[in-house]
Structure formats: C-alpha cells, structure tokens
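Each chain, letter by letter, is given below.
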Amino acid sequence: MDNQNKPAWLVENDDGSLTINFESRPPKIDGTEVNSLKMREPFVDDQLAADSAGSSSALSEIALISNLCEISPEAVRSMTMRQYSRLQTALSVFIG
C-alpha cells in the first residue's frame, strides 16, 4: 500500500512502525480509551510464534497483532470489528 492509498488514520513512522488512529471511536484497553496504537514491523519469528499460539488462522492473527501492538489478545478480542479492521489493514501493509 503506497502513501497515496493509505487511509488518513494510518501513519507510517520513521522507524518503520505504523500508528493506527481511532479518533472518534477509541477502543478501551485495560479500562482506558486509547486514541491510537503503534504497530511495529513484524519479524519472521513473530509470525512463527503467532502460528504456534493459535489453533486457527483468526487466533494466530490476533496473537500476531497483539504482539506487534504490545497489547493483550483479550484487548484485541474486545474491539469492535471496525476497530479490528484498522489493525488488519495496518498488518496488511507489512505482510501484503
């Protein structure tokens, strides 16, 4: 995804990580509304760990996203689908 096609809520940082902004619909993580999350670029080992952690592709994806954003899998599972979709879009920047 090039910069022209990136949604306004997705920002690439100088270190290669991505910031996902939630503006008007922030998720609650550990009881606190979070306006943005930072997702670091994954390593191959992150994918392998996520694959071994999940019994399905959906659980593996949740494990990977939670690891890259440094939040719990429970926090990811408690998000709305709209919020989760933003995380999936950010992940797709890294893994196509």
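Residues numbered from 1 in each chain as written. Predicted model: local features only at pLDDT ≥ 70, side-chain atom pairs only at ≥ 80, totals over all residues. Heavy atoms only, no water.

A few words now on the pattern of salt bridges. Under the definition given, this model contains 5 salt bridges. Residue Glu 12 is joined to Lys 6 by a salt bridge in which the shortest nitrogen-to-oxygen separation is 2.9 Å. On the basis of relative accessible area, Glu 12 is assigned to the partly exposed category, the value being 45%. (Salt bridge = Lys/Arg side-chain N within 4 Å of Asp/Glu carboxyl O. Buried < 20%, exposed > 50% of the residue type's maximum accessible area, 1.4 Å probe, protein only.)

Right, let's talk about the packing of helix 1 (residues 44-53) against helix 2 (residues 57-69) for a bit. The contact between helix 1 and helix 2 brings their axes to 7 Å, and the two run at 135°. In terms of orientation, helix 1 lies oblique with respect to helix 2. Taken as a pair, helix 1 and helix 2 cross one another with a handedness that is right-handed. Touching Asp 46, Gln 47, Ala 50, Asp 51 and Ala 53 of helix 1 are Ser 60, Ala 63, Leu 64, Asn 67 and Leu 68, all from helix 2. In terms of residue class, the contact of helix 1 with helix 2 is built from 5 nonpolar, 3 polar and 2 charged. (Axes fitted to C-alpha atoms, helices over the stretch in contact; angles between N-to-C directions. Helix = DSSP H or I, 4+ residues; strand = E, 2+ residues; numbered from the N terminus. Parallel < 35°, antiparallel > 145°, perpendicular 65-115°, else oblique. Left-handed = near helix turned anticlockwise from the far one by under 90°. Contact = heavy atoms within 4.5 Å. Nonpolar A, V, L, I, M, F, W, Y, C, P; charged D, E, K, R; others polar.)

On to the sheet that holds strand 5 (residues 36-39), then. Strand order in the open sheet made by the 3 strands is 1-2-5, with antiparallel pairing throughout. The open sheet has two edge strands with one neighbour each: strand 1 (10-12) and strand 5. Ignoring which end each strand starts from, the neighbouring axes of this sheet average 20° apart. As paired strands, strand 2 (residues 18-21) and strand 5 are joined by 4 bridges and run antiparallel to one another. Across the sheet, Ile 20 pairs through a bridge with Leu 37, a residue of strand 5. Relative to strand 2, helix 4 (residues 81-95) is tilted by about 160°, and along the sheet it contacts strand 1, strand 2 and strand 5. (Pairing = 2+ DSSP bridges.)

Moving on: helix 2. For helix 2, with 13 residues, the first-to-last C-alpha span of 18 Å sits near the 18 Å given by 1.5 Å per residue. Within the sequence span of helix 2, burial applies to Ser 60, Ile 62, Leu 64, Ile 65, Ser 66, Leu 68 and Cys 69. Those residues of helix 2 hidden inside the fold are in contact with strand 5, helix 1, helix 3 (73-77) and helix 4. Of the residues trailing helix 2, Glu 70 is marked for its positive phi of about 55°. (Expected span 1.5 Å × (residues − 1).)

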